[in-house]
Amino acid sequence: MSGINLKVKIGSLELKNPVLLASGTVGYGNEISQFTDLSKIGGIVTKSISLKPRKGNPPQRIVETHGGMLNAIGLANVGVEEFINSKIPFLKEVNSTVICNIAASSVEEYVECTRILTEEDAIKAFEINVSCPNVKDGGLEFGHNPSAVGTITGRVRGATNKPVIIKLSPNVSRISDFAKIVKSEGADAVSAINTLVGTAFNIWTKKPKIKNITGGLSGPAIKPVALAKVLEISRNVDIPIIGIGGIMNWQDAVEFMIAGAAAVELGTVNFVNPNAGIEIINGLTEYCEKINIKEIKEIIASYQL
Amino acid sequence: MLTEIAEVVTVKKYGSNTNLIKVHAPGIASKAEPGQFCNIKVSETNFPLLRRPFSICEVKGEHLFFMFDIQGEGTSILGCKKKGDKLNILGPLGNGFNTGIEFDTAVIVAGGIGAAPFPFLLSRLKKKKVICLVGGRSEAQIITYGMKNIYISTDDGSNGFKGTVVQLAERIKDKFTGGKVQFFACGPNAMLKALKQFCMENNFSCQVSTESAMACGFGICQGCPMPAANEEKYYLVCKDGPVFNAKDIIL
């Protein structure tokens, strides 16, 4: 056993290591647990929960692009009630930190979801999705509007004592302005980035490959953009950042932490390698040994510009 | 379900554009059921990024067989594999054909590369009467590998009945006798849709193996919705399918 300490803190939220599995890429944990030991993962961010179940978008929902994929799932989810009844019992047993991601179509719905779910002991923090690019109501409509993001943050903050993380859209000119607003409204942290809006066409039918016309681009193709956004927030706002965007291996995770992330979320890689989380955690330990540090948190925002 | 690093044993050309790859994957082979699929990483790099889903064509001892047409980047890479190459395979995935139900005669309907899952299914139907209907655009797309008691159709008439495989079914439906008849089908969506109609009109039970773009293959990406017929919801092709009762879905 190495003496490396991988613990990090996101505001008051302590994580055994900085590797989280991103919302929408891990369901509610049960499926991926057949391929990986979730108890070793720093945390699991649930698929976005809305007050009522959402059917999601019609097919085709996903398409691969060069170095990435576009998705327009449309926040398909079981809704708060079913989540509590059938998903929380499993999440209670996994012995990882459960962060509940909430999506909504109105400020009231965000507040109501948070108010109900904050009663659940299994949930240790909330990640508020103000930036889903694939639903007509809510989502990016909020995510691109600084005052709407501020209002949602303040109101959700008032509905729970648990840490509140706001998941920011990269589809804005200055992401750090949004980070500033959510900090002033009481958010504990930000996660960045959600997917980038993109599209792809079939050249023979001249139709978009995704039924929703546009989708969210994820995967290694977006990593440089995500890193730049994390760095921008880190240089301008004093708030913990969870870095997300195309992390495929431990080297990518280290890069995000150097750029300012206190923790990272793995997304698309889970679809390809459902055991990636554990491989990356092991890689982080080895990296600490190689550069001769005892605690991973020493590398957070350690950029030399 | 597991991930297994499988060694390629052979890749054989079958017809003009079809390949049959044999890999050594004892873990998956011991668990696989007909109609299930595997999600295969065709490269060791991030390109192509996602795995590719393939029906399990056949299981022989510790070996799995996958049949595929070369259609894009993923299948082109897979078609170039050599003996000894390694493939990272996730499987077996999804729900396969339900053969536990009562029936005496199996009617197999395969369109083009939709023939892929049937050699494995037929290996489990040795005590049943089996009729195979195999269709394709032209003779080059007719795949009869592992089939028996075969009737062929081609759109251009270059082999067998001239017309679609569902028109062929209509033409020879007086042969679908011998106790309770169960259809098993796989092929393009238009074919499955027409076959569902035919089976409903003639009161035949029909299981269809469907396909969809997908990322993970086991339910976490939610990328492969299939509209449910009787409820306001989507099934997932990967987890609830890929085999469905035709009456349960909207094709």
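Residues numbered from 1 in each chain as written. Chains lettered and ligands numbered in written order. Predicted model: local features only at pLDDT ≥ 70, side-chain atom pairs only at ≥ 80, totals over all residues. Heavy atoms only, no water.

S.K.: Would you take a moment to explain unusual backbone geometry for this structure?
M.R.: Among all residues except glycine, the phi angle is most often negative; among peptide bonds, the trans geometry is most common. Geometrically, the link from Phe47(B) to Pro48(B) is a cis peptide bond, its omega value of -10° lying close to zero. Within the secondary structure layout, Pro48(B) lies in the loop between β3 (37–41) and β4 (52–55). Cis geometry is adopted by the peptide bond preceding Pro242(B), which originates at Gly241(B) and carries an omega value of 5°. By secondary structure assignment, the location of Pro242(B) is in the loop between β15 (234–236) and β16 (243–245). Non-glycine residue Asn292(A) carries a positive phi angle of around 65°. Given a relative accessible area of 67%, Asn292(A) falls into the exposed group. Phi is positive for Asn203(B), close to 60°, though the residue is something other than glycine. (Helix = DSSP H or I, 4+ residues; strand = E, 2+ residues; numbered from the N terminus. Buried < 20%, exposed > 50% of the residue type's maximum accessible area, 1.4 Å probe, protein only.)

S.K.: Honestly, helix α5 (residues 175–184) of chain A in this entry has me stumped. Any pointers?
M.R.: For an α-helix the count is 3.6 residues per turn, leaving residues at separations of three or four pointing the same way. All names here are of chain A. Among all positions of α5, only Ile175, Ser176, Phe178, Ala179 and Val182 are buried. For α5, the arc enclosing every buried residue in end-on projection is 155°, short of the 170-degree limit, so these residues lie on one face. In the segment just after α5, Gly186 is the residue with positive phi, at about 100°. (Arc of directions from axis to C-beta.)

S.K.: Can you walk me through the confidence of the model for chain B in this structure?
M.R.: Regions with low pLDDT should not have their predicted coordinates read in detail. Put simply, chain B has an average pLDDT of 96, and 100% of its residues get 70 or more. If you check the scores for this complex, the pTM reads 0.96 and the ipTM reads 0.95. (pLDDT = per-residue confidence, 0-100.)

S.K.: Would you explain the sheet that holds β16(B) in this entry?
M.R.: What holds strands together in a sheet is hydrogen bonding between their backbones, with the strands either parallel or antiparallel. Residues and elements named next belong to chain B. Sheet architecture is open: seven strands sit in the order β11-β10-β9-β8-β12-β13-β16, paired in mixed fashion. Looking at the sheet topology across the chains shown, the edges are occupied by β11 (161–162) and β16. Strand direction decides the pairing type here: strand β8 (residues 105–111) and strand β12 (residues 181–186), joined by six bridges, are parallel. Each bridged residue has a counterpart across the sheet, and for Ala110 the counterpart in β12 is Cys186. Sitting on the sheet, helix α5 (residues 189–202) touches β8, β12 and β13 (205–209), and the angle it makes with β12 is about 170°. (Pairing = 2+ DSSP bridges. Contact = heavy atoms within 4.5 Å. Axes fitted to C-alpha atoms, helices over the stretch in contact; angles between N-to-C directions.)

S.K.: Would you take a moment to explain the domain arrangement of chain B for this structure?
M.R.: Often, the extent of an interface is quoted as the loss of accessible area on bringing the components together. Residue and element names in this part refer to chain B. Domain annotation for chain B reports domain 1 (2–93) and domain 2 (105–248). Facing the 22 residues of domain 1 at the interface are 19 residues of domain 2. Of the roughly 1,900 Å² buried between domain 1 and domain 2, counting both surfaces, carbon and sulfur atoms make up 65%. When the buried area of domain 1 at its contact with domain 2 is split by residue, Tyr14, Pro34 and Met67 rank highest and sum to 26% of it. Seen at the junction of domain 1 and domain 2, the total is one salt bridge. Across the salt bridge formed by Arg124 and Glu33, the nearest N and O atoms sit 2.9 Å from each other. (Domains from an automatic or database assignment. Buried area = accessible area lost by both parts, 1.4 Å probe. Salt bridge = Lys/Arg side-chain N within 4 Å of Asp/Glu carboxyl O.)

S.K.: What is the right way to read the side chain of Lys81(B) from this model?
M.R.: Residues and elements named next belong to chain B. Tracing the backbone shows Lys81 in the loop between α2 (73–79) and β7 (86–93). Buried and unpaired, Lys81 has Asp85 as its nearest opposite-charge partner, separated by 5.0 Å. Here Val42 takes part through its backbone oxygen, which lies 2.8 Å from a polar atom of the side chain of Lys81. Non-local contacts of Lys81, meaning those with residues more than four positions away in its chain, are made with Val8, Val11, Ile21, Val42 and Leu87. (Lys, Arg positive; Asp, Glu negative; His and termini not counted. Polar contact = N/O pair within 3.5 Å; in protein donor to acceptor, adjacent residues only side chain to side chain.)

S.K.: Hey, could you run me through the sheet that holds strand β12 (residues 215–218) of chain A in this one?
M.R.: All names here are of chain A. Strands sit in the order β5-β6-β12-β11 across an open sheet of four strands; the sheet is antiparallel. Of all the strands in the sheet, the pair left with one neighbour each is β5 (62–65) and β11 (196–198). Between one strand axis and the next, the sheet turns by 35° as a mean value, whatever way the strands run. In this structure, strand β6 (residues 68–71) lies alongside β12, joined through three bridges in antiparallel fashion. Across the sheet, the residue bridging to Met69 is Ser218, located in β12.

S.K.: Even after reading the chapter, I still don't get the nonpolar core, so can you show me in this structure?
M.R.: Soluble globular proteins tend to bury their nonpolar side chains together. Ile128(A), Ile233(A), Leu133(B), Phe176(B) and Phe183(B) are the most contacted members of the largest nonpolar core, which has 142 residues in total. Considering every element that reaches this core, the biggest residue donor is helix α9 (residues 276–290) of chain A, with seven residues. Not counting the four nearest positions on each side in its chain, Ile233(A) is found in contact with Leu168(A), Ile175(A), Ser176(A), Ala179(A), Val190(A), Ala192(A), Ile239(A) and Ile241(A). Formed by 25 residues, the second largest nonpolar core is a distinct cluster that contains Ala106(B), Leu121(B), Leu122(B) and Ile143(B). (Core = buried A, V, L, I, M, F, W, Y, C linked by side-chain atoms within 4.5 Å.)

S.K.: Just to check I follow, could you spell out the pairing of strand β9 (residues 129–136) of chain B for this structure?
M.R.: When a strand is regular, its side chains alternate between the sheet's two faces. Residue and element names in this part refer to chain B. Among the eight residues in β9, seven count as buried, and that is most of the element. With seven bridges connecting them, β8 and β9 associate as parallel partners. Counterpart to Gly111 in the pairing with β9 is Gly135. The handedness of the β8 to β9 crossover, carried by helix α3 (residues 118–123), is right-handed. (Right-handed = clockwise from strand over helix to strand, strands pointing away.)

S.K.: Sorry, what's going on with the interface of chain B and chain A here?
M.R.: Taken together, the 27 residues of chain B in the interface contact 31 residues of chain A. When residues of chain B are sorted by the area they lose upon contact with chain A, Leu49(B), Ile220(B) and Tyr234(B) head the list and together hold 28% of the total. Between chain B and chain A we count three salt bridges in total. Among the salt bridges present, the one from Glu31(A) reaches Lys239(B), with a minimum N-O distance of 2.7 Å. Where chain B packs against chain A, one counts seven residue pairs in polar contact (both at pLDDT 80 or more). Taken together, the residues of the side of chain B that touches chain A sort by class into 16 nonpolar, five polar and six charged. (Nonpolar A, V, L, I, M, F, W, Y, C, P; charged D, E, K, R; others polar.)

S.K.: Where do I start with the packing of helix α7 (residues 250–258) of chain A against α9(A) in this structure?
M.R.: Relative orientation and spacing of two packed helices are given, respectively, by the angle between their axes and the distance between those axes. All names here are of chain A. Contact geometry for α7 and α9: axes closest at 8 Å, N-to-C directions at 65°. The handedness of the crossing between α7 and α9 is right-handed. Mapping the contact onto sequence places Trp250, Ala253, Val254 and Ile258 in α7 and Ile280, Gly283, Leu284 and Tyr287 in α9. For the contact of α7 with α9, a count of residues per class yields seven nonpolar, one polar and no charged. (Left-handed = near helix turned anticlockwise from the far one by under 90°.)

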